[in-house]
Amino acid sequence: MSIDRQDIDAQLQAAFHFTDADLQANRNGHLTPEQQQHLKDNMFPYWKIVGITVVVVLIGAVLAIPGIAFSEDIFISIETLPAAFVIIVVLAIAVLLGFFWLRRKVYAEIRAGRVVALEGRLKIVEAEMEGSIGRFQVRKHTFNDLSQAQFDVMCRLNEAHNRPKIIVYHVPNHYKLLSVEVGAKATDTR
């Protein structure tokens, strides 16, 4: 079974939401302004959730410590309460600072607008848990967070060409897939 090149390109673009202009810019090692904005917009909810989680844990710890300290069933005494509180606060602040540092690093990479190409054979990795979507690998790099449509198009491509050579474009040090194309040899029908 063979799929023609235009059909493959159209399916990949539709599933992974990139345009011809995005692909051309990625081939030249750059993000388009639309891709930069899309990455920024899609990163924010993740960081917001992490920040809210850390703040809730901190507030919960602050509110729970007095209750724990005055409970007779627990091993924390009034003498150890300040130390426990300080440890919880320091750990929460360290985690929060770590996430903010990582966020700044990812945003700096997005602002720099550089794109890396990863070329290799497509390998489909089936879902390990029921109800989850599989993922795919190129070389040793795994691309997760696929929608069902994205996973389906990669499976069809793999079935049609038996581990075709593909090129995946992503932001350096952050394997968020920007665009993907099939290597020339994979679509040759000669």
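So, a few notes on the structure that sits alongside this text.

Reading the values: rules and limits
- Residues numbered from 1 in each chain as written.
- Predicted model: local features only at pLDDT ≥ 70, side-chain atom pairs only at ≥ 80, totals over all residues.
- Heavy atoms only, no water.
- Pairing = 2+ DSSP bridges.
- Helix = DSSP H or I, 4+ residues; strand = E, 2+ residues; numbered from the N terminus.
- Contact = heavy atoms within 4.5 Å.
- Polar contact = N/O pair within 3.5 Å; in protein donor to acceptor, adjacent residues only side chain to side chain.
- Expected span 1.5 Å × (residues − 1).
- Buried < 20%, exposed > 50% of the residue type's maximum accessible area, 1.4 Å probe, protein only.
- Phe/Tyr/Trp six-rings, centres within 6.5 Å; stacked < 30°, edge-to-face > 60°.
- Core = buried A, V, L, I, M, F, W, Y, C linked by side-chain atoms within 4.5 Å.
- Axes fitted to C-alpha atoms, helices over the stretch in contact; angles between N-to-C directions.
- Parallel < 35°, antiparallel > 145°, perpendicular 65-115°, else oblique.
- Left-handed = near helix turned anticlockwise from the far one by under 90°.
- Nonpolar A, V, L, I, M, F, W, Y, C, P; charged D, E, K, R; others polar.

Bringing the pairing of strand E1 (residues 116-125) into the picture now. Examined bridge by bridge, E1 and strand E4 (residues 165-171) share six bridges and lie antiparallel to one another. Residue pairing in the sheet places Leu-118 in a bridge with Val-168 of E4. Relative to strand E2 (residues 135-138), E1 runs antiparallel, the two being bridged by four bridges. Of the residues in E2, the one forming a bridge with Leu-122 is Val-138.

Right, let's talk about the side chain of His-170 for a bit. With respect to the helices and strands, His-170 occurs in strand E4. Apart from the residues lying within four places of it in its own chain, the contact partners of His-170 are Val-115, Val-116, Leu-118, Phe-143, Tyr-175, Lys-176 and Leu-178.

Of note, Arg-135 is situated in strand E2. Among the polar contacts listed, one links the side chain of Arg-135 to the side chain of Asn-144, at a separation of 3.5 Å.

Moving on, we get to helix H5 (residues 148-161). Between its terminal C-alpha atoms H5 stretches 20 Å, which fits the 20 Å expected from 14 residues at 1.5 Å a residue. All buried positions along H5 are accounted for by Gln-150, Phe-151, Val-153, Met-154, Cys-155, Leu-157, Asn-158, Ala-160 and His-161. Looking at the buried side of H5, the elements it contacts are helix H1 (5-16), E1, E2, E4 and strand E5 (174-182). The first or second residue beyond H5 is Asn-162, which carries a positive phi of 50 degrees.

Once that is clear, we can look at the packing of aromatic side chains. Where two aromatic rings form a pair, the distance of their centres and the angle of their planes describe that pair. All chains considered together, the criterion is met by one aromatic pair. Ring plane angle 20 degrees and centroid distance 5.3 Å describe the contact between Phe-136 and Phe-143, whose orientation is recorded as stacked.

All right, on to the nonpolar core then. The biggest cluster of nonpolar side chains holds 33 residues, and the ones touching the most others in it are Leu-12, Phe-16, Phe-136, Met-154, Ile-166, Val-168 and Val-180. Put simply, the parts of the chain that give this core at least two residues each are H1, helix H4 (81-112), E1, E2, H5, E4 and E5. With residues near it in sequence (within four places) discarded, Val-180 still touches Leu-12, Phe-16, Phe-18, Met-154, Ile-166, Ile-167 and Val-168.

Before going further, it helps to examine the sheet that holds E4. Strand pairing in a sheet takes place through backbone hydrogen bonds and is either antiparallel or parallel in direction. Strand order in the open sheet formed by five strands is E3-E2-E1-E4-E5, with antiparallel pairing between adjacent strands. At either margin of the open sheet sits one strand with a lone partner, and together these are strand E3 (141-143) and E5. On average, each strand axis in the sheet is tilted by 45 degrees relative to the strand beside it, whichever way the strands run. The strands touched by H1 are E2 and E5; relative to E5, the strand with the most contacts, the crossing angle is about 155 degrees. Packed on one face of the sheet, H5 meets E1, E2, E4 and E5 and runs near 80 degrees to E1.

It is the contact of H1 with H5, at a shortest axis distance of 8 Å, that shows an interaxial angle of 160 degrees. Compared by their axis directions, H1 and H5 come out roughly antiparallel. The element H1 and its partner H5 pack so that their crossing is left-handed. Every residue of H5 that contacts H1 at Ile-8, Gln-11, Leu-12, Ala-15 and Phe-16 is listed here: Ala-149, Gln-150, Val-153, Met-154, Arg-156, Leu-157 and His-161. Classifying every residue of the contact of H1 with H5 by side-chain character gives eight nonpolar, three polar and one charged.

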